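# Report on the structure
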Amino acid sequence: MQAIQPPVTPLRPVKNSPRVTPRRSSRQRSYPHQTLAAETGVKLAVNMVLSVCATSALLQLWPHYRAVQEKLHEIQAEVNLTQGRVDRSRSDFNRYFDPSLAKTVMQEQSNQADPQQRPVILQEVPEAEESTPQP
């Protein structure tokens, strides 16, 4: 089976047209890095504006930061005081509910002595005065 094939065209040599160089403006020829310098200048300006804005924001936030720090220190001092009270209350609680110390705690709270104990009463003994003969 033969298929219809498109006709083959002979290859023609391509004529070299004179090379046309695009004209550059005299401005671009005299300053080849002008666009790079402009771009760098714009970046620098934008970064300077951002730096000024950031510095201004930090200066405005500084008093608020100091106030929060002072309040935090006050709260921490209160927490430390409260923690001391909690520790003291916890030790008292453990002491009051300790079965081995129950008798001692009851005596402290009621001012009554154990019947098996003898009370000890301390008295001051007056010092003996030196007797001097009176004329």
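What counts, and where the lines are drawn
Residues numbered from 1 in each chain as written. Predicted model: local features only at pLDDT ≥ 70, side-chain atom pairs only at ≥ 80, totals over all residues. Heavy atoms only, no water. Helix = DSSP H or I, 4+ residues; strand = E, 2+ residues; numbered from the N terminus. Areas by Shrake-Rupley, 256 points an atom, 1.4 Å probe, with all protein chains shown as cover. Salt bridge = Lys/Arg side-chain N within 4 Å of Asp/Glu carboxyl O. Buried < 20%, exposed > 50% of the residue type's maximum accessible area, 1.4 Å probe, protein only. Expected span 1.5 Å × (residues − 1). Bend = angle between axes of the 7 residues up to and from the residue. pLDDT = per-residue confidence, 0-100. Phe/Tyr/Trp six-rings, centres within 6.5 Å; stacked < 30°, edge-to-face > 60°. Patch = residues over 30% accessible without salt bridge, like charges linked within 9 Å, V, L, I, M, F, W, Y side chains within 5 Å.

This brings us to the overall build of the protein. Each helix and strand counted, the protein has 3 helices and 0 strands in total. Written out in order from the N terminus, the α and β elements of the protein read α-α-α. Accessible surface, the protein: about 14,600 Å² in total, of which carbon and sulfur atoms supply 58%.

Under the definition given, this model contains 2 salt bridges. One salt bridge in this structure joins Arg-95 and Glu-108, with 2.7 Å as the shortest N-O distance. Taken together, the residues Arg-95 in helix α2 (residues 34-96) and Glu-108 in helix α3 (residues 102-110) connect sequence positions 13 residues apart. Taking relative accessible area as the criterion, Arg-95 reaches 29% and is therefore assigned partly exposed.

With that out of the way, let us pick up α2. In this model, α2 (63 residues) spans 88 Å end to end at C-alpha, consistent with the 93 Å of a helix rising 1.5 Å per residue. Along its length, α2 shows its largest kink, about 35°, at Leu-61, and proline Pro-63 lies within four residues downstream of that point.

Mean pLDDT for the protein: 82, with 76% of residues reaching 70 or above. The least confident element of the protein, judged by mean pLDDT, is helix α1 (residues 26-30) at 54; the most confident is α2 at 96.

With that settled, consider the packing of aromatic side chains. Going through the model one piece at a time under the given rule, you end up with 2 aromatic pairs. Aromatic side chains Trp-62 and Tyr-65 sit 5.4 Å apart centroid to centroid with 35° between the ring planes, which places their arrangement in the tilted category. Within this pair, Trp-62 and its partner Tyr-65 are both found in helix α2, separated by 3 residues, close to a single helical turn.

Together, Val-42, Val-46 and Leu-50 make up a nonpolar patch on the protein surface, roughly 270 Å² of accessible area in all. Mapped onto the elements, Val-42 comes out in helix α2.

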